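Read off the chains here:
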Amino acid sequence: MAKRGLVAFACSLSLGFGALFGAGEYLSSPARRQIGAAPPDFPAVSVTIPSAAGPVRGWMVRGMPGAGAVLLLHGVRGNRLQMLDRARFLSRLGYGVLLIDQQAHGESAGERISFGVREADGVRAALAYLRREQPGERIGVIGMSLGAAALVLSRPGRAIDALVIEAMYPTIEEAIDNRLRLYLGSAGGKLAPLLLWQVPLRLDLTLEQLRPIDAVGALACPTLVVGGESDRHTSDAETRRIYAAVPEPKQLWIVPGAAHTDFHGLAKHEYETRIGQFMERHLRLASVAGQAR
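The structure contained in this document is the topic of the report that follows. Small disclaimer: the values here were computed from a predicted structure and weren't measured.

## Re the pairing of strand β5 (residues 96-100)
For a regular strand, the rule is simple: side chains alternate between the two faces of the sheet.
Stage number 1. With respect to burial, β5 is a largely interior element, five of its five residues being buried.
Stage number 2. Along β5, one buried face is formed by G96, L98 and I100 and the opposite face, lined by V97 and L99, is buried too.
Stage number 3. Judged from the four bridges that link them, strand β3 (residues 56-61) and β5 form a sheet pairing that is antiparallel. Paired with M60 across the strands is L98, a residue of β5.
Stage number 4. In this region the chain leaves strand β4 (residues 69-73), passes through helix α2 (residues 84-92) and returns to the parallel neighbour β5; the handedness of that crossover is right-handed.

In structure tokens:
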């Protein structure tokens, strides 16, 4: 009986290791999807932007001159469609909008999802493209989860004029620990090292490179940090730590009752009010703001 128990334990342990190895493969594997042209109610043109990791594909719609332009960055295993409703809302307000598929997502090139580090190359390329195509416009960015991490890790400096960070993880260690605890309970925390050791092997990156919270101190624009009150992927406390590390001027919005979700879809009216006011304050030239009123 003892021998059978030992064999059963060894089999369970082997299956557990296999499951975690499979999870590491899934999390970093590309999330490709054919997307095609923009929908008829969103008159954007398809764009292809060269980057260090290969072509970045997306949609762009021009706005009212002097109103500003906004880059939208989706979350992990998503694509530009995840940000389409935000794009529609911003376009209605007169902003130019660029939505991209990040590295290894949607129609963009890339061998692996790297949780923000190599996606930052595509962000830099997209910002440079916006500056070329919309010269003289102030530029804002809305980054959701992975998108926020990619923007922060791109270290944009004064290349942007306003930033909205939504549900960004502070460190890869906390991101993995939170997710394992969410799905496996308290035992998940003990298994986190088995996923973390795969990062250098799969991505050729160090864990120190996957700490967006260490990069937010270099931000040089007004920043709105958004988190969910009930988010178990990026906790309220973690969001507040990120906010504390962001330089002034800054704002914090903890969305009541929200988990790790689409804040725009959950609280559409308040989201559009808050983000609309934030972007107007920091992107619109004074003459255009006056005309809009």
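The structure having been displayed, the exposition proceeds.
## With respect to the packing of aromatic side chains
Stage number 1. Under the counting rule described, the total for this entry stands at two aromatic pairs.
Stage number 2. Look at W253 and Y271: their rings are 6.3 Å apart centre to centre, the planes differ by 50°, and that puts the pair in the tilted class. Here the residue W253 occupies a position in strand β10 (residues 250-255), and Y271 occupies one in helix α11 (residues 268-283), the gap between them amounting to 18 residues. Across the pair, exposure class does not vary: W253 and Y271 are buried alike.
Stage number 3. Members of the aromatic cluster, connected to one another through ring pairs, are F89, W253 and Y271.
Stage number 4. It is R80 that lies over the ring of W59; its NZ or CZ is 4.9 Å from the centre.

## Quick word on the layout of surface pockets
Stage number 1. Each pocket or cavity is described by its volume, and for the largest pocket that value is around 570 Å³.
Stage number 2. Lining of the largest pocket is provided by 23 residues; of these, L27, F115, A175, I176 and R179 occupy positions nearest its centre.
Stage number 3. For the lining of the largest pocket, the elements supplying multiple residues, two or more each, are α1 (2-28), α5 (172-184) and α7 (198-203).

## Some details on the pattern of salt bridges
Stage number 1. Scanning the model with the defined rule gives 14 salt bridges in all.
Stage number 2. Measuring nitrogen to oxygen at the nearest pair gives 2.7 Å for the salt bridge that ties R80 to D101. Pair noted here: R80 is in the loop between β4 and α2 and D101 is in the loop between β5 and β6 (105-106), with a separation of 21 residues, a long-range link. Side by side, R80 and D101 carry an identical accessibility label, which is buried.
Stage number 3. A salt bridge links R80 to E107; the nearest nitrogen and oxygen atoms lie 2.9 Å apart. With R80 in the loop between β4 and α2 and E107 in the loop between β6 and α3 (119-133), this residue pair connects regions lying 27 residues apart in the sequence. No difference in accessibility class separates R80 from E107, as the two residues are buried.
Stage number 4. Connected through shared salt-bridge partners, D41, D85 and R88 make up one network.

What counts as what
Residues numbered from 1 in each chain as written. Predicted model: local features only at pLDDT ≥ 70, side-chain atom pairs only at ≥ 80, totals over all residues. Heavy atoms only, no water. Buried < 20%, exposed > 50% of the residue type's maximum accessible area, 1.4 Å probe, protein only. Helix = DSSP H or I, 4+ residues; strand = E, 2+ residues; numbered from the N terminus. Pairing = 2+ DSSP bridges. Right-handed = clockwise from strand over helix to strand, strands pointing away. Phe/Tyr/Trp six-rings, centres within 6.5 Å; stacked < 30°, edge-to-face > 60°. Lys NZ or Arg CZ within 6 Å of the ring centre and 35° of its normal. 1 Å grid on protein atoms, 1.4 Å probe; cavity = no way out; pocket = protein on both sides within 12 Å on 5 of 7 lines; lining within 4 Å. Points joined across faces, edges and corners; volume = space filled by probe spheres on them. Salt bridge = Lys/Arg side-chain N within 4 Å of Asp/Glu carboxyl O.

Honestly, that's just the spatial picture; any functional story needs more than this.
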